[in-house]
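Take a look at the letters that make up each chain.
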Amino acid sequence: MITRLLHIQFTRLKRQKILYLFFAVMAAIIVSNALGCAGNSGDKNTAEFAAGYYAGGKFPTMCMQSYIDIIGPLFLGFISAVLICGERASGMFRQPLLNGVSKKQLLISKTVSIFTVALICFLFVVIVSIVTGYFLWGGHIFDHAQEYLLQMLLLTFPQTTMVLFLVLLSLYMPNISNMMCASLIILLVNNLLSQFFGNYLLFINFMYYLYAFSGYNGMELTGKIIVSGIAVNIITGFILVYGISKRTNNMIM
């Protein structure tokens, strides 16, 4: 039953061409970033130096940072809005229930769909950044492979938690526009707080680790950050799953 529901969710996303648009926009951003980094060394106090720092082996890290900053989470917020808020508002949620599918099964299929989209999008960013970087810098794109592969692995934790958060948020939003506004405001506020008050958020804010695990703005990836980040995201994940389950049981579709 879950497999059939997953097929329905992906068919709807495919029909709307949302993923194709994301791939095109993200590929353009990656190529633009690569061209901006290529050949830039500049003075240490200039933006050109910052771009040159990511040239070569650190370019995939730069692309991951661009993705997790706003673009990736906001896109996943949109996917959550389409699959959950939009269908609740239009009454589409009730149709599978009439065919013997429970609310739990329906929501599981939608959550797994969003997880899958998140994984595909993240892998797309990493793979395209490596391929693009290889054309510009050759084998030097692998100079820091161990570093950005570790970042990739660690970023799966806050991205997984982010999906659960967006699913829970979408269960409280009445329509797509409300969901998108709420997602954007939360992401912008979190961006500011994470950059200026990071030390106060270590043990309470899972989204902080989107930045910490990717080395955003020169954040140092230490053993303490890794351990606390994994712990915070696992604990938050369980809390969000409980919240989703409780909201689903109490919700009138």
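Calculation criteria
Starting afresh in each chain, residues are numbered from 1 along the sequence in its written order. Where totals are concerned, whole chains, interfaces and linings use all residues; where local detail is concerned, this predicted model gives features only for residues with pLDDT of at least 70, and gives and counts side-chain atom pairs only at 80 or more. For the side-chain quantities, the full set of heavy atoms in the structure was used; hydrogens and water were omitted. Under the scheme used here, helices are H or I runs from DSSP no shorter than 4 residues and strands are E runs no shorter than 2 residues, and both carry numbers assigned from the N terminus. To sort residues, take the accessible area from a 1.4 Å probe on protein chains only and compare it with the maximum for the residue type: under 20% means buried, over 50% means exposed, and anything in between is partly exposed. Note on contacts: a residue pair qualifies if any of its non-hydrogen atoms lie within 4.5 Å across the two residues. Exposure was quantified through the Shrake-Rupley algorithm and a 1.4 Å probe, taking into account, for residues, occlusion by the shown protein chains and nothing else. Ring pairs shown here join Phe, Tyr and Trp side chains whose ring centres sit within 6.5 Å, with only the six-membered ring taken for Trp; geometry is labelled stacked below 30 degrees between planes, edge-to-face above 60, and tilted in between. Only the contacting stretch of a helix is used when fitting its axis, a line to C-alpha atoms as for every element, and angles between N-to-C directions run 0 to 180 degrees. In what follows, roughly perpendicular refers to angles from 65 to 115 degrees, roughly parallel to angles under 35, roughly antiparallel to angles over 145, and oblique to any angle outside these ranges. Helix crossings fall into two classes, left-handed where the near helix is turned counterclockwise from the far one by less than a right angle and right-handed where it is turned clockwise. Throughout this entry, Asp, Glu, Lys and Arg are counted as charged residues, while Ala, Val, Leu, Ile, Met, Phe, Trp, Tyr, Cys and Pro are counted as nonpolar. The remaining residues, Gly among them, count as polar. Exposure above 30% relative accessible area and the lack of any salt bridge qualify a residue for a patch; like charges then connect within 9 Å, and the nonpolar side chains Val, Leu, Ile, Met, Phe, Trp and Tyr within 5 Å. The salt bridge criterion pairs a side-chain nitrogen of Lys or Arg with a carboxyl oxygen of Asp or Glu, the two atoms within 4 Å. Here a helix's expected span is defined as the number of its residues, less one, multiplied by 1.5 Å. The bend at a residue is defined as the angle formed between two axes, one fitted to the seven residues ending at that residue and one fitted to the seven starting there. Here, nonpolar core means buried Ala, Val, Leu, Ile, Met, Phe, Trp, Tyr and Cys residues that are tied together by side-chain atoms lying within 4.5 Å of each other. Distance and chemistry together define a polar contact, namely a pair of N or O atoms within 3.5 Å, with one atom able to donate a hydrogen and the other to accept it when in protein, and with adjacent residues in sequence counting only for side-chain atoms on both sides.

### Section: the overall build of the protein chain
Helix and strand counts for the protein chain stand at 11 helices and zero strands. From first element to last, N terminus to C terminus, the protein chain shows the α and β order α-α-α-α-α-α-α-α-α-α-α. Evaluated residue by residue, the protein chain yields a buried proportion of 50% over its 253 residues. The long-range fraction of contacts in the protein chain, counting pairs at least 24 apart against all pairs at least 6 apart in sequence, stands at 75%. Roughly 12,500 Å² of accessible area belongs to the protein chain as shown, and the carbon and sulfur atoms make up 68% of that amount.

### Looking at the packing of aromatic side chains
Throughout the structure, instances matching the rule amount to 11 aromatic pairs. Here Phe22 and Phe23 contribute two aromatic rings whose centre-to-centre distance is 6.0 Å and whose plane-to-plane angle is 65°, an arrangement assigned as edge-to-face. Look at Phe23 and you get partly exposed, because its relative accessible area is 21%. Between Tyr134 and Phe142, the ring centres sit 6.3 Å apart and the planes meet at 50°, which makes this aromatic pair tilted. On the accessibility criterion, Tyr134 (46% relative accessible area) is partly exposed.

### Let's talk about the packing of helix H7 (residues 145–170) against helix H8 (residues 176–196)
Where H7 meets H8, the axes come as close as 10 Å, and the angle between the chain directions of the two elements is 135°. Taken together, the axis directions place H7 and H8 in an arrangement best described as oblique. Considering how the two elements wind past one another, H7 and H8 form a crossing that is right-handed. In this structure, H7 uses Met162, Phe165, Leu166, Leu169 and Ser170 to contact H8, whose residues at the interface are Met179, Ala182, Ser183, Ile186 and Leu187. In terms of residue class, the contact of H7 with H8 is made up of eight nonpolar, two polar and no charged.

### Here's the deal with a nonpolar patch on the surface
On the surface, a nonpolar cluster with roughly 780 Å² of combined accessible area is contributed by Ile185, Val189, Leu192, Leu193, Phe196, Phe197 and Tyr200. When residues in the nonpolar patch are grouped by element, the largest group, five residues, is from H8. Within the secondary structure layout, Val189 lies in helix H8.

### Points about helix H11 (residues 223–250)
Its 28 residues give H11 an end-to-end C-alpha distance of 41 Å, which sits within 8% of 40 Å, the value for a rise of 1.5 Å per residue. All of the buried residues along H11 are Ile225, Ser228, Gly229, Val232, Asn233, Thr236, Gly237, Leu240, Gly243, Ile244 and Thr248. On its buried face, H11 sits against helix H6 (103–137), H7 and helix H10 (208–212).

### Overview of H7
For H7, which comprises 26 residues, the first-to-last C-alpha distance of 36 Å matches the rise-based estimate of 38 Å (1.5 Å per residue) to within 8%. Of all the bends found along H7, the most pronounced is centred on Thr156 and spans about 30°, while Pro158, a proline, follows it within four residues.

### As for the nonpolar core
Counting residues in each nonpolar core, the largest one holds 71 residues, and the members touching the most others are Phe59 and Tyr67. Going through the elements one at a time, helix H2 (18–37), helix H4 (59–90), H6, H7, H8, H10 and H11 are the ones with two or more residues in this core. Per element, the largest residue contribution to this core is 15 residues, and it comes from H4.

### Here's the deal with the packing of H7 against H11
Running from N to C, H7 and H11 cross one another at 20°; their axes reach a closest spacing of 9 Å. When the interaxial angle is binned, H7 and H11 end up roughly parallel. Between H7 and H11 lies a crossing whose hand is left-handed. From H7, Leu154, Phe157, Pro158, Thr161, Leu164, Phe165, Val167 and Leu168 reach across to H11, where they touch Ile226, Ile230, Asn233, Thr236, Gly237, Leu240, Val241, Gly243, Ile244 and Arg247. Of the residues contributing to the contact of H7 with H11, the split by class is 12 nonpolar, five polar and one charged.

### What about the pattern of salt bridges?
Should the charged atoms of two oppositely charged side chains come close, the side chains can pair. The tally for this structure, following the rule as stated, stands at one salt bridge. The closest approach of N and O atoms between Lys58 and Glu147, which form a salt bridge, is 3.0 Å. In this pair, Lys58 sits in the loop between helix H3 (47–53) and H4 while Glu147 sits in helix H7, placing the two residues 89 residues apart along the sequence. Judged by relative accessible area, which is 12%, Lys58 ranks as buried.

### Some words on the environment of Asn233
Of note, Asn233 is situated in helix H11. Expressed as a C-alpha distance, the spacing of Asn233 and Met207, which sit 26 residues apart in the sequence, is 8.6 Å. Look past the residues within four positions of Asn233 in its chain and what remains in contact with it is Phe157, Pro158, Thr161, Phe206 and Tyr209. Only 2.9 Å separates the side chain of Asn233 from the side chain of Thr161, close enough to count as a polar contact.

Remember, this is a structural readout, not a statement about activity or role.
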